[in-house]
Amino acid sequence: RRVMARKEVAKIMHTKYEKGFDRKIQQHYYIDIKTGSKQWLKPRLIGSEDIKKPKDEWKCVKSVASGSDGDKTYYVNLATGQSSWFSEEYAARMVQKKFRGRLSRDLFGSKPSITQVAKAAKFIHDAEYNYEKDQTKVSHCFNFALLCHCIKFDFEKARLLY
């Protein structure tokens, strides 16, 4: 009965703790899921089998900072030991924004001015309007084909118009 009881307690303890990884000292630690307390030594009641390594995923954690105006949320990857104040979604948006900025610099040579943006918007509007109004003019067909090809990515329609 003692062996069975120890196995049962170990099974319960496996659900109460999870593993984390500290990048600075390159070592795993144990986190009490309910209280959030951390310890370096494996809890004795876990038994001989260790807790599985954490999944490589980001988790939302509440931080109670002393002297601050309440809880702050940060994100941690227990498998790699990485942490960030940014959510995955916010970080992805930041990367996309940087990529778009670089793409526009490559395309225009610098960040587009408001004048360039206004000219592009006018070109889009005029190309659609003029093509709908008169499809027989070559300039209207060509501008609409450029619009389909470069902005709408409707290559089939552009190919027919070229």
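Residues numbered from 1 in each chain as written. Predicted model: local features only at pLDDT ≥ 70, side-chain atom pairs only at ≥ 80, totals over all residues. Heavy atoms only, no water.

Chemist: I'd love a proper account of the environment of F86, names of residues and values included.
Modeler: By the element assignment, F86 lies in the loop between β6 (82-84) and α2 (88-108). Discounting residues that sit within four places of it in the chain, F86 has contacts with Y75, A91 and M94. (Helix = DSSP H or I, 4+ residues; strand = E, 2+ residues; numbered from the N terminus. Contact = heavy atoms within 4.5 Å.)

Chemist: Any chance you could break down the sheet that holds strand β3 (residues 38-39) for me, citing the residues and the numbers?
Modeler: What links the strands of a sheet is backbone hydrogen bonding, and the strands pair in either a parallel or an antiparallel sense. Ordered by their spatial adjacency, three strands build an open sheet running β1-β2-β3, and the pairing between neighbours is antiparallel. Two strands bound the open sheet, and with one partner strand each, they are β1 (17-22) and β3. Sheet analysis places β1 next to strand β2 (residues 27-32), joined by six bridges and oriented antiparallel. By the bridge assignment, D22 is partnered in β2 with Q27. Sheet contacts for helix α1 (residues 2-16): β1 and β2; angle to β1, the most-contacted strand, approximately 50°. (Pairing = 2+ DSSP bridges. Axes fitted to C-alpha atoms, helices over the stretch in contact; angles between N-to-C directions.)

Chemist: Tell me about the packing of aromatic side chains, and please be specific about residues and values.
Modeler: Enumeration over the complete set of coordinates arrives at five aromatic pairs. Between F86 and Y90, the ring centres sit 5.1 Å apart and the planes meet at 40°, which makes this aromatic pair tilted. Taking the relative accessible area as the measure of exposure, F86 reaches 38% and is therefore partly exposed. Classification of Y90 as partly exposed rests on a relative accessible area of 37%. (Phe/Tyr/Trp six-rings, centres within 6.5 Å; stacked < 30°, edge-to-face > 60°. Buried < 20%, exposed > 50% of the residue type's maximum accessible area, 1.4 Å probe, protein only.)

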